[in-house]
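# A structural walkthrough
Each chain is listed here by its residues.
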Amino acid sequence: GPARERPMSFYLTHPLYTLGVLYLLVLVFRAVLSWFPIGPGSGMRAVSHWLYVLTEPVVGPLRRVIPPVGIFDISYMIACLAVLLLTNEVFAHIKI
C-alpha cells in the first residue's frame, strides 16, 4: 500500500530512512554552524570540517545555481527538501 499506511516501526528500523534522517541532521547542523565564526584553534574546527566534507557534494552544486536570497544561502533548505523528497519517493516504492 501507500507509504503513509505503513507502521512507524517500518521507517524507524529501515537503514535508508535512518540514513536520510541523519543526513538531514548533518545538513541542519552545518547550516546553523555556518552562522557562527569558527577560529583556527577552536574545538569545533574538526566538526566543521567533517560537516563540510559530508555536505558540500550536495550543497556546493546547488549553491552554484541557486543565488542567495538577500544574505541567506537557501541551498541548505533546497538540499533538505531534496533529501526529504528523495526519501519519500524511495519509500513509496519499497514493498513491506
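Here goes a summary of the coordinates provided. Keep in mind that this is a model prediction, so the values were computed, not measured.

### Some details on the pattern of salt bridges
Enumeration over the complete set of coordinates arrives at three salt bridges. The salt bridge involving Glu56 is made with Arg30; its shortest N-O contact spans 2.9 Å. Here Glu56, found in helix H3 (residues 44-65), pairs with Arg30, found in helix H2 (residues 15-33); they are 26 residues apart in sequence, far enough to count as distant. One exposure class covers both Glu56 and Arg30, and it is buried. Taken together, the salt bridges that share partners define one network made up of Arg30, Glu56, Arg63 and Asp73.

### Concerning the environment of Ser34
With respect to the helices, strands and loops of the structure, Ser34 is situated in the loop between H2 and H3. Among the residues examined, Ser34 registers a relative accessible area of 46% and is labelled partly exposed. Separated by 14 residues in sequence, Ser34 and Ser48 have C-alpha atoms that sit 8.5 Å apart. One polar contact links the side chain of Ser34 to the main-chain carbonyl oxygen of Ala31, over a distance of 2.5 Å.

### Topic: H2
Compared with an ideal rise of 1.5 Å per residue, which puts 19 residues at 27 Å, H2 spans 26 Å between its outermost C-alpha atoms and is within 8% of the ideal. Of all the positions in H2, only Gly20, Tyr23, Leu24, Val26, Leu27, Arg30, Ala31 and Leu33 are classed as buried. Packed against the buried residues of H2 are H3 and helix H4 (75-92).

Parameters and conventions
Residues numbered from 1 in each chain as written. Predicted model: local features only at pLDDT ≥ 70, side-chain atom pairs only at ≥ 80, totals over all residues. Heavy atoms only, no water. Salt bridge = Lys/Arg side-chain N within 4 Å of Asp/Glu carboxyl O. Helix = DSSP H or I, 4+ residues; strand = E, 2+ residues; numbered from the N terminus. Buried < 20%, exposed > 50% of the residue type's maximum accessible area, 1.4 Å probe, protein only. Polar contact = N/O pair within 3.5 Å; in protein donor to acceptor, adjacent residues only side chain to side chain. Expected span 1.5 Å × (residues − 1). Contact = heavy atoms within 4.5 Å.

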